[in-house]
Amino acid sequence: MGGGEKPVGAAMNPWGIFSTTVAWFILLFLMLPSFVVVPMSFGGKFEMMFPPTTFDTILYERFFSTGNWIATTITSFKVAIGATVLALLLGVPAAYGIVRGTYPGKKIVALFLLSPILVPVIVLALGMYLYLASFKATGTDFGLIIAHGVLTTPFVIVTCMAGLRHIDPNLETAATIMGASVMQTFFKVTLPLLKSAMFAGGLFAFLMSFDEVVVAFFITEASTMTLPVKMYSSIKWEISPILAAISSLLTFLSLVVCLIGAAAQKKS
Amino acid sequence: MAMVGLQRAGKRYGDVVALHEVDLSVEEGEFVTLLGPSGSGKTTMLNLIAGMIAPTTGQIFIAGKDATNTPPNKRGLGMVFQNYALMPHMTIFENVAFPLRVRKTPEEEIKKKVAHVLNLVHLPQVANRKPRELSGGQQQRVALARCIVYNPTIILMDEPLGALDKKLREQMQLELKRIHTELKITMLYVTHDQEEALTMSDRIVLLNDGRIEQMGPPEEMYFKPRSVFAADFLGSSNIWDATIESDGGATIKSGDKVKIKSEAFAKPGAKAKIMVRPENINVIRQGDDESRFENRVSGKAIDTLILGGVIKHYVQLANDTVIISQELTRSGRRSLTPGQDVRLAWRPDDTLPLPATGKMEG
Ligand SMILES: Nc1ncnc2c1ncn2[C@@H]1O[C@H](COP(=O)(O)OP(=O)(O)OP(=O)(O)O)[C@@H](O)[C@H]1O
Ligand SMILES: [Mg+2]
């Protein structure tokens, strides 16, 4: 045996190098459109070109100074926040009931609560439209909050179920035996321990609602459009370079939200 | 006064009987241990008392009142878990304060009481730490403090020392015993470790397959087992098949005739088991006077094991019968050479007849 021995795993075998390279290329391929749009957003104001020939922030200035775009953005935030709150209010107790409950038919209840994940979005959108129309709630922020709530609740349920499974049931038992009521146990023991799962689920719900197009397209009308819907409709008339700026901002928002999520996860 | 009582309380899950109808009463200040093999119903019994499960039959009394239908948070009990069950998001102070907070105790009093119990378990310095910053033994002491602080009727403990290593476990046993004597708290302690049960308890309740096999103070459980199960479970024993003779003696499997303690059930001609504790069997060495032991047998040495403070001799008698003798280790006390002839002797008083199946009545 020669002298220079390497510790196990120090050198990758050729297959390992190959598969890692392929994985990176696929990732790059998937990410590329998002990266292309960022330089483009700093280009001139009359064309969408890559690579851009000039550097300018005019597109951003346009976005922030156009009342229409700003109003739409505010609507999007309102709806996304509303849907997130709704999804948390419904999803956390639902997850608790599924994980901790002991009653017949639990599996069926769980399946039913998670069903919006399984139904095609277009079906859900049509159903929501017809349903909300019967309340005359289409074209209102409230209607869209409900619809997005339905869409995002299952994701909150799933993250919170995972979170609950990590909480030792003995903690709740201990609290109960020490004299805490069901409510006290839930609010003082379970919820604080579920915080990071709720946070992750909430962020996820927020992002989903914020860039959801299909359902929003069915339910909103001109005065209550959300940002993705307005982007989509404006593309139909003209390819406005301002879209590049908005897309970049959306990418940035997603990135920030994900970083916050990751940081929170790490802290807990 | 009985702090906790079970009256014909039983629990079944479908066809599985976790606990047959049992009666038990734990007196104020008593340290009672539930001992039994895995699946014998110890946790079931504890959970019935805590109210985490409802009995299928019978009633549960706490501090003299029927508590069968009282929810667990209204029973005023304390419980210590094997995995400590401290709230990971709270400091040690907040953990111990928790039961006081749910009772709406004034803040001043909470501070005083928490400091007091943390002193009691010798951990005054950890109040601001989180549970994960403590060792297992420290966490378990905090869990105990969290119970003591609200003065529950009884503290239930389900194998509280099961997760600790042997040395720490022995230390904690003494600590628990000290706190029990100091505060005169009533404790119901679950373990499947017979040594732990023997060292700590005022009374041992031995469970077997969902039934109470026998209960009594440790010496009684150890020296007067009423069944082969009890004899076997508590300490090690020599147990042989035997036939009771007309003169009140017995012939054991090896063919040796021995004198036994008289028991009502042991009628002449009856099949029985004979039990002798290894520490009561003496190896007769040259110069020893064997006449003070009325039961004497001869055999061939198989092996000798030195287990720290004690030494065990395995000796072969006729008819495939093995007899174990246990002595204290002394320097200069020689091991037996395998194959050498050995004489063993013991007293009739230490020779207990047991029913071949089931247990003695009374
Ligand atoms: N929820 C349940 N459903 C069905 N059977 C159960 C349930 N809980 C306990 N049992 C059964 O009841 C019996 C007694 O269980 P228990 O947990 O009281 O045993 P244990 O003495 O605490 O054992 P261990 O020393 O292993 O903790 C076992 O046979 C067990 O399988
Ligand atoms: Mg158990």
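What comes next concerns the included structure. (Residues numbered from 1 in each chain as written. Chains lettered and ligands numbered in written order. Predicted model: local features only at pLDDT ≥ 70, side-chain atom pairs only at ≥ 80, totals over all residues. Heavy atoms only, no water.)

## Remarks on the interface of chain A and chain B
Part 1 of the reasoning: Residue-level contacts link 17 residues of chain A with 22 residues of chain B.
Part 2 of the reasoning: When chain A packs against chain B, close to 1,700 Å² is buried across both sides, 71% of that on carbon and sulfur atoms.
Part 3 of the reasoning: The tally of links from chain A across to chain B stands at zero salt bridges.
Part 4 of the reasoning: For the pair chain A and chain B, the number of links is five residue pairs in polar contact (both at pLDDT 80 or more).
Part 5 of the reasoning: Of all the secondary-structure elements, those providing two or more residues to the side of chain A that touches chain B are helix 7 (169–177) and helix 8 (182–210) of chain A.
Part 6 of the reasoning: No other element matches the seven residues that helix 7 of chain A contributes to the side of chain A that touches chain B.
Part 7 of the reasoning: Partitioned by chemical class, the residues of the side of chain A that touches chain B number nine nonpolar, six polar and two charged. (Contact = heavy atoms within 4.5 Å. Buried area = accessible area lost by both parts, 1.4 Å probe. Salt bridge = Lys/Arg side-chain N within 4 Å of Asp/Glu carboxyl O. Polar contact = N/O pair within 3.5 Å; in protein donor to acceptor, adjacent residues only side chain to side chain. Helix = DSSP H or I, 4+ residues; strand = E, 2+ residues; numbered from the N terminus. Nonpolar A, V, L, I, M, F, W, Y, C, P; charged D, E, K, R; others polar.)

## Quick word on the environment of Arg343 of chain B
All names here are of chain B.
Part 1 of the reasoning: Structurally, Arg343 can be placed in strand 19 (residues 341–346).
Part 2 of the reasoning: In this structure the C-alpha to C-alpha distance between Arg343 and Val102, which are 241 residues apart in sequence, comes to 67 Å.
Part 3 of the reasoning: The contact partners of Arg343, leaving out residues within four places of it in the chain, are Asn282, Val283, Ile284, Glu290, Arg296, Val297 and Ser298.
Part 4 of the reasoning: Here the side chain of Arg343 touches Ser298 through a polar contact of 2.7 Å, side chain to side chain.

## Side note on the sheet that holds strand 2 (residues 16–27) of chain B
All names here are of chain B.
Part 1 of the reasoning: Ordered by their spatial adjacency, four strands build an open sheet running 2-1-4-5, and the pairing between neighbours is antiparallel. Looking at strand neighbours, the two that pair on one side only are strand 2 and strand 5 (65–66), the edges of this open sheet.
Part 2 of the reasoning: Strand direction decides the pairing type here: strand 1 (residues 2–13) and strand 2, joined by eight bridges, are antiparallel. When the bridges of strand 2 are listed, Arg12 appears paired with Val17.
Part 3 of the reasoning: Its contacts with the sheet place helix 1 (residues 42–50) against strand 1, strand 2 and strand 4 (57–62), and it is angled at close to 60° to strand 2. (Pairing = 2+ DSSP bridges. Axes fitted to C-alpha atoms, helices over the stretch in contact; angles between N-to-C directions.)

## Here we look at the packing of helix 2 (residues 92–102) of chain B against helix 4 (residues 136–148) of chain B
All names here are of chain B.
Part 1 of the reasoning: As a packed pair, helix 2 and helix 4 sit with axes 7 Å apart at the nearest point and diverge in direction by 30°. It follows that helix 2 is roughly parallel to helix 4 by the angle criterion. Of the two possible hands of crossing, helix 2 and helix 4 adopt the one that is right-handed. On helix 4, the residues touching Ile92, Asn95, Val96 and Pro99 of helix 2 are Val142, Ala145 and Arg146. (Parallel < 35°, antiparallel > 145°, perpendicular 65-115°, else oblique. Left-handed = near helix turned anticlockwise from the far one by under 90°.)

## A few points about the sheet that holds strand 14 (residues 271–276) of chain B
All names here are of chain B.
Part 1 of the reasoning: Pairing is antiparallel in the open sheet, where five strands are placed in the order 13-12-11-14-20. Only two strands of the sheet have a single neighbouring strand rather than two, namely strand 13 (257–258) and strand 20 (352–355).
Part 2 of the reasoning: As judged from the two bridges shared by strand 12 (residues 250–252) and strand 13, these two strands associate in the antiparallel manner. Paired with Thr251 across the strands is Lys257, a residue of strand 13.

No statement about biological role is implied by the geometric values presented.
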